[in-house]
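So the chains spell out like this:
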Amino acid sequence: MSVQNPTKRLTAPDISARKGGDPIVSLTSYHAHTAAIADKYVDFILVGDSLGMVMHGFESTLPVPLDLMILHGRSVMRGAKRALVVVDMPFGSYEESPAQAFRNAARVMKETECGAIKLEGGARMAETIRFLTERGIPVMAHIGLTPQSINVLGSFKTQGRTRDKWAMIEDDAKAVTEAGAFSMVLEAIVEPLAAKITKSVAIPTIGIGASPACDGQILVMEDMLGLSPRVPKFVKEFGAVGKAIENAIRSYAEDVRARKFPMPENTYEVKD
Ligand code: KIV
């Protein structure tokens, strides 16, 4: 007898098919328990390399190793049963050549069983996107502000603030679409340019600090929960989890110091 999982997980083609339809909802998650909660409400979960900064306290995403992405990818896959799970390729794991990208992306797919990978870069990554897609690896592209290029960009500033910069970003959008990406993240792109790109490409655009006109939106979960110490100005705080954690820890510390914890009814008695 074969046992099948009754829950059908969304796929990269399911996300592609949402172009121009109801907005695609997505969030980052790095752990099984937050993935299980998000799974009820989102279409895809991104195991973003932002985990390097958000969870591990690095100054940028550059130090994140592939093995760490795989570890978190596996946790998220254990928590989420319905949403598509996309795992980020970290800096240095794909830029050298299409062959390097395939080798590492195949490891991510095999070891996490996720449904797609994401990589940063536009026209310069088009050949790699085509190479991966033709070999069975769905790719989400990421253009505009690409945090792995922070040392070249100099700061996390909004892209396309002068019209002379638009053509390059539009070319990136066209190149990743033609190369076979199933969707693309538009990060920190001025609103009218993000809206223009969304209209002009055939695959869904997922905005983060871009435009409500994008086909979908993504946020870093800890940012929208009010759990990150610093958040970009476009992020709306949908929760006050940081404050709730602090209040709970303060109450616990007060109870321990006042010898109120554990409560007497919850202590073990010796039975003679
Ligand atoms: O790493 C990440 O979390 C991301 C999102 C911000 C899109 O790439």
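Residues numbered from 1 in each chain as written. Predicted model: local features only at pLDDT ≥ 70, side-chain atom pairs only at ≥ 80, totals over all residues. Heavy atoms only, no water.

## Digging into the nonpolar core
Rules: Within this scheme, the nonpolar core is defined by two criteria: the residues are buried Ala, Val, Leu, Ile, Met, Phe, Trp, Tyr or Cys, and they are joined through side-chain atoms within 4.5 Å. Burial classes follow relative accessibility: with a 1.4 Å probe on protein chains only, a residue under 20% of its type's maximum area counts as buried, one over 50% as exposed, and anything between as partly exposed. Whether two residues touch is decided by their heavy atoms; if any such pair falls within 4.5 Å, the residues are in contact.
With 60 residues, the main nonpolar core has Ile-117, Leu-119, Ile-129, Met-184 and Leu-186 as its most contacted residues. Leaving out residues up to four positions away in the same chain, Ile-117 has contacts with Val-86, Val-87, Met-89, Ala-105, Val-108, Met-109, Leu-132, Ile-137, Pro-138, Val-139 and Met-140. Counting 14 residues, the second largest nonpolar core, distinct from the first, contains Ala-12, Ile-15, Val-185 and Ile-218.

## Re the environment of Asp-215
Which entries qualify depends on this criterion: Under the DSSP-based scheme used, a helix requires at least four consecutive residues in state H or I and a strand at least two consecutive residues in state E, with every element numbered from the N terminus. Polar contact is the term for a pair of N or O atoms within 3.5 Å; when the atoms are in protein, one must be able to donate a hydrogen and the other to accept it, and sequence-neighboring residues count only if both atoms are side-chain atoms.
Within the element layout of this structure, Asp-215 appears in the loop between β7 (205-208) and β8 (216-219). Considering only alpha carbons, one finds Asp-215 and Ser-183, 32 residues apart in sequence, at a separation of 9.5 Å. Discounting residues that sit within four places of it in the chain, Asp-215 has contacts with Lys-19, Gly-20, Asp-22, Pro-23, Ile-24, Thr-198, Ile-203, Pro-204 and Thr-205. For Asp-215, the side chain forms a polar contact with the side chain of Lys-19, separated by 2.7 Å. Only 3.1 Å separates the side chain of Asp-215 from the backbone nitrogen of Gly-20, close enough to count as a polar contact.

## So, the sheet that holds strand β2 (residues 44-47)
Rules: Being paired, for any two strands, means DSSP has found at least two bridges between them. Note on geometry: axes are lines fitted to C-alpha atoms, helical ones only across the stretch in contact, with angles between N-to-C directions running from 0 to 180 degrees.
Reading around the circumference, β1-β2-β3-β4-β5-β6-β7-β8 is the order of the eight strands in this closed barrel, with parallel pairing throughout. On average, each strand axis in the sheet is inclined to that of its neighbour by 25 degrees, with strand direction left out of account. Together, β3 (84-88) and β4 (116-120) form the strand contacts of helix α5 (residues 98-112), whose direction differs from that of β4 by roughly 145 degrees.

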